[in-house]
Structures are given as C-alpha cells and as structure tokens.
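# Fold and geometry: a report
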Amino acid sequence: MSKQILITIILFMVFGNINSQTPFNKIYDFSNGTDSIGQLIGSALYETEDRLIVGGIAVYEYDNVGHRHPMVASFYKDGKRDKLTVWPNPNGAIVNFMDFPNDIVEMDGMLYMVVGHIGATSTCIARIDPATLEVSKLECIQDSLNHQLLLAESIVEFPKGKQTILLSAVIDPNVNTELRGGMVAQLSIDNPEDYFLSDILDYSTGVVANNRKIIRISDTKAIIIGAYYTNGNLLDWGMHAITIDENLEIIERKILYDDCSSGRNDIDGVLTSDHHIVTTLRSFDRPHYDTTGQRLHQPTVLKLDTNLNVVWREPVGPKGYSARAEGHYSLVESHSGDGYIYVGIDAAFDNARMGKISADGDSLWHYDVSTFIDRDSIETELLDDVIPTSDGYYTACGRRFGERLQNDSINSIVQLWLLKFDDDGNIVNVGQRVSTDDVREEDDLDIIVYPNPSADFFFIKQEEAIAYNYQLYDMSGKLIASRQSSSEVASITILDMTSYASGMYHLIIQDAKGNVVKQEKLVKQ
C-alpha cells in the first residue's frame, strides 16, 4: 500500500455582506458581481455554537471545461454571511466533475470533510478550524494498486479517535468504469498519513457496490448501507447492509431488497434515539419491470434494528409507483423524536423536495419546493442536506443553477440555497415561527401566502396537488412573473422580491381553465 501526503497552498477568502440580504430562506453567491468564485454549491451542513458551516464546491464561471474547487462557508445564526474559504483542488486545478462532500464531522474541536473527483487516484480529507475556516491539514489517500478512488461517500468517527471513510473504487479506470468495489479507509487524528484501506466488496465477486452511508453503532461496530447490482445484469439490483468491526472486517452482509433503484445520492440513514437505523431509498415496481422493462419508482423509508432486521418499510409522499425518480438525499430525526425529516429532489421536474414521516413511517407532509421564476431559466433546484438546529427548527442547504436569472436578487448561474423550516413544513424567518397574522387562509382553497407584508421573500404554500397558474402583477397591471405549481404533490413556491421596488403587487391564482380561484395583495416593504 502506498501513502501520499499532498501539501497545497490554501486560497483563503473572506467576504463581507457585499449585497444586502435578509437572513435565511435565501440564495447566496458571496460575490461582488464580478468575482465568479462566489458561485457555490452547498452539500453538507454542520452547526457550531455560533455559526452554521456549509461545505461543498466553489464553481468558477462556466466555460467549456468547468473549474471546481472544495469550499467551506460560514453563516451567522441569523443567516448573514461570514467567511468563505476555497482551496485548490488537490487533484488538479481544472476538472470536469468533482464529488460533493456529504458529511462534515467534528473531532476534538476541528471539522473534517472529504472531497474527491472522477479522474484521480486519490481522495482527500481536509481538517478545518470552525472559527477561522482555515484548512490546517490535508491528507490524500491513494491505493497501492492504483485504484481510482472515486465517490467519497461518507465519513464517521469510528472507532474513537479515528476517521473511517466510505469509498468506492474503479479497479482499472482505463478498461471499465463500472467495475466498482466498495472500500473503506481508516485514519487516526494524530497520524492521518498512517492510514489503511480495506475492501468491502471486491468487484471480482460480480457485485457492483454503490455504498452510501456508514453509521457508527458502537466502538466496535458500524453499519454500511447502500445499493448494489450484479455486474452485467441490471435486473439484479437491490439494497444491502454490511456490518463491520473496528478493524474494518466484515461481520455480515445482508441483502435487504431486490427492488432498490437508488443512485449514489438518494440513500441516507441515521441512528435513532431508540438505537435503530432509519434510511431512505428509492424502490421500483419489480413485477412491472420484469414484465415490461419499464422502471416505475417510489420513494421509500426503511427502519432496521442494529442486527439488520427490518422493523417497517413505508412509501413516502404520494402513494403508488410513477415515472418520477424522486430521491431523498438527507434524513434526520425530528427534535421531539416523533418522526423524521428528509430533503432531496424530484428528478423528473428538477424541483427540491422536503417532508416529514412519523415514527411509524406514515407520511405527514411532503412538499415540492421551488422558486417563482421562469422555469425555462432553471435547470435544477435541489436540497442536499438537512440538520436539526439548536433554535428548534431545521436548516437545509442545496443549490440551484441554470441560465442567468432576470427576476432574481442574485445574477449568477450557480447559487447556494439555505432554507429554515419548522416541524409543520412552514418556512420561517429567524427567531420567530409563522403566526396566524402572517398566514392568511381561504375557506374554500387550501393555499396560504406568508409573510405579508415582507421586505424580500413571500412563500406560497399549496396543500393540494393541483396545477394552478400563479401570476404576479405590479400596480400598473403589468405581468412581471408567472409560473405553474406542481400537479403531483403539495408545494411551496418561493417568491423572491428582494430586487423589486416597494409597493403593492397583485398575485392572481388561476385553475387550468383560466378561472381565478384566488387573489392576494402583496405588500413589498
């Protein structure tokens, strides 16, 4: 086994509040209008005593190649921007794709984040000071057989004082990039260069592993959850769980289901307060696929005990299978322990998703989340991570990207997105829950618009899965924005009026036949 230490020069940048924005439920780019490095992709969250830390990727102006580098940004608890650190990609300054960090782990007062990308033989771990965001240590793992280590999936402290990182590897990237085996790497805090790698699944077994999450059960036991398929036979596609000991030896591998169509992002799991594992997955209709070759999907949540026995399995959101490939990228236990919060994306419509299930797996609420702008300008809106925060709410981070947006408070292609919401799915401002004064309801139509008045953002919460047309007019009667709500699920539409002049605006909601079903006067302060 070979070892590699890579020393880099850290590009450290701190931006103040250059563009005025009020806290949370907002988009950020940290730029001053010319600094393209400010375009950020947020994919991992961590809360310190006085700040929120977001890890992800900094994206330069798009060109024919695409420049991407690891980044970490901090925000005050009220949502104001604090610092941004970007350091050169240790595997090359210009890459076509970089894997997104998906865990930030705290150990001995320092934060750790893993980054890697397709096209390199190493995966790197950054040690970050949470107060200054200075990267003080960077260790890169490389295998002696020159495996291409790609997709740094998950990092956990296991056992005490050591980091265990879940990886997948391509045996020979020049021959077949689908020959992937599951691997784990283990490093100590004191001597991170003294790491070792262990195979979880060797590709020669014919099983292609798509392991996603490693969860520490005790000092001597961890569980890996993920998807698999038999190499060359996509019919044999399912979900497995693997128990390992502190020496990274396999204790047990168990096939849970043969109807899991999850990709690498849409499996996430958490160790619950009652010492069980709850995990997301995307299932498919196996009999229908075996007969027709068409895959119909259904987002699903699964509860296991620590011996890998299934306690329950329940569908999430609308019942039944559909062509929508909805995936849930992050799941956490609720503050009170009465259920679980999840976020992700509906890939069919490229809109974000968030929801809550009960402790028994019943779907409590499930919302499409998108912004009130021209959908032709947006390619994707998604939420990558969610955490319960100390103020009793939940904060999610994600991104949206597309063409430059004309009716947007930030004029950039890639935007970091932060949302704060409560246990009922209400998007909230910092320090206050949505009150009855903020929410105005109609007796015959289950749509609420809040807060009103507002200096920047309005939220349209629609409980019915009906495609309504939203139209926003100024006082002169000019149509300035329009869009259609989802006909698949309930929805929350975010109307950004930060750049609009103060005054009165009219929101008109029409059904599919053009009938006006609701009118709302919006006061932009």
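Note: the structure precedes this text.
What counts and how
- Residues numbered from 1 in each chain as written.
- Predicted model: local features only at pLDDT ≥ 70, side-chain atom pairs only at ≥ 80, totals over all residues.
- Heavy atoms only, no water.
- Helix = DSSP H or I, 4+ residues; strand = E, 2+ residues; numbered from the N terminus.
- Contact = heavy atoms within 4.5 Å.
- Areas by Shrake-Rupley, 256 points an atom, 1.4 Å probe, with all protein chains shown as cover.
- Patch = residues over 30% accessible without salt bridge, like charges linked within 9 Å, V, L, I, M, F, W, Y side chains within 5 Å.
- Salt bridge = Lys/Arg side-chain N within 4 Å of Asp/Glu carboxyl O.
- Buried < 20%, exposed > 50% of the residue type's maximum accessible area, 1.4 Å probe, protein only.
- Pairing = 2+ DSSP bridges.
- Core = buried A, V, L, I, M, F, W, Y, C linked by side-chain atoms within 4.5 Å.
- Phe/Tyr/Trp six-rings, centres within 6.5 Å; stacked < 30°, edge-to-face > 60°.

## Remarks on the overall build of the protein
Within the protein one finds 1 helix and 36 strands. Sequence-distant contacts, at least 24 apart, represent 54% of the contacts inside the protein between residues at least 6 apart. Of the roughly 19,800 Å² of accessible surface on the protein, a fraction of 47% belongs to carbon and sulfur atoms.

## A few points about unusual backbone geometry
Cis geometry is adopted by the peptide bond preceding proline 451, which originates at tyrosine 450 and carries an omega value of -20°. Tracing the chain through its elements places proline 451 in the loop between strand E30 (447-450) and strand E31 (457-462). The amide bond that connects asparagine 452 to the next residue, proline 453, takes the cis arrangement and shows omega of 10°. The residue proline 453 is located in the loop between E30 and E31 in this model.

## So, a nonpolar patch on the surface
A surface patch of nonpolar side chains, amounting to about 250 Å² of accessible area, comprises Met475, Met504 and Val523. By secondary structure assignment, the location of methionine 504 is in strand E35 (residues 503-510). Accessibility expressed as a relative area gives 32% for methionine 504, which makes it partly exposed.

## So, the pairing of strand E32 (residues 469-473)
Burial runs high along E32: 4 of the 5 residues are buried. By the bridge criterion, 5 bridges tie E32 to strand E33 (residues 479-484) in an arrangement that is antiparallel. From the neighbouring strand, leucine 472 faces E33, where its bridge partner is alanine 481. Count of turn residues in the E32/E33 antiparallel hairpin: 5 residues, of which glycine 477 carries a positive phi of about 90°. Alignment of E32 against E35, held across 5 bridges, turns out to be antiparallel.

## Thoughts on the nonpolar core
Core analysis: the largest hydrophobic core is formed by 23 residues, its most contacted members being Met354, Val369, Val386, Phe421, Ile427 and Ile494. If you look at the next biggest cluster of nonpolar residues, it comprises 18 residues, including Ile217, Tyr229, Ile267 and Ile277.

## Structural notes on the packing of aromatic side chains
According to the stated counting rule, one finds 6 aromatic pairs in the structure shown. Pairing tryptophan 365 with phenylalanine 421 gives two aromatic rings, centres 6.3 Å apart and planes at 90°, and the pair type is edge-to-face. Of this pair, tryptophan 365 sits in strand E26 (residues 363-371) while phenylalanine 421 sits in strand E29 (residues 414-421), placing them 56 residues apart in sequence. Since its relative accessible area comes to 0%, phenylalanine 421 is described here as buried. Ring centres of tyrosine 450 and phenylalanine 459 lie 5.6 Å apart, and the angle between their planes is 40°; on these two criteria the pair is classed as tilted. For tyrosine 450, a relative accessible area of 1% puts it in the buried group.

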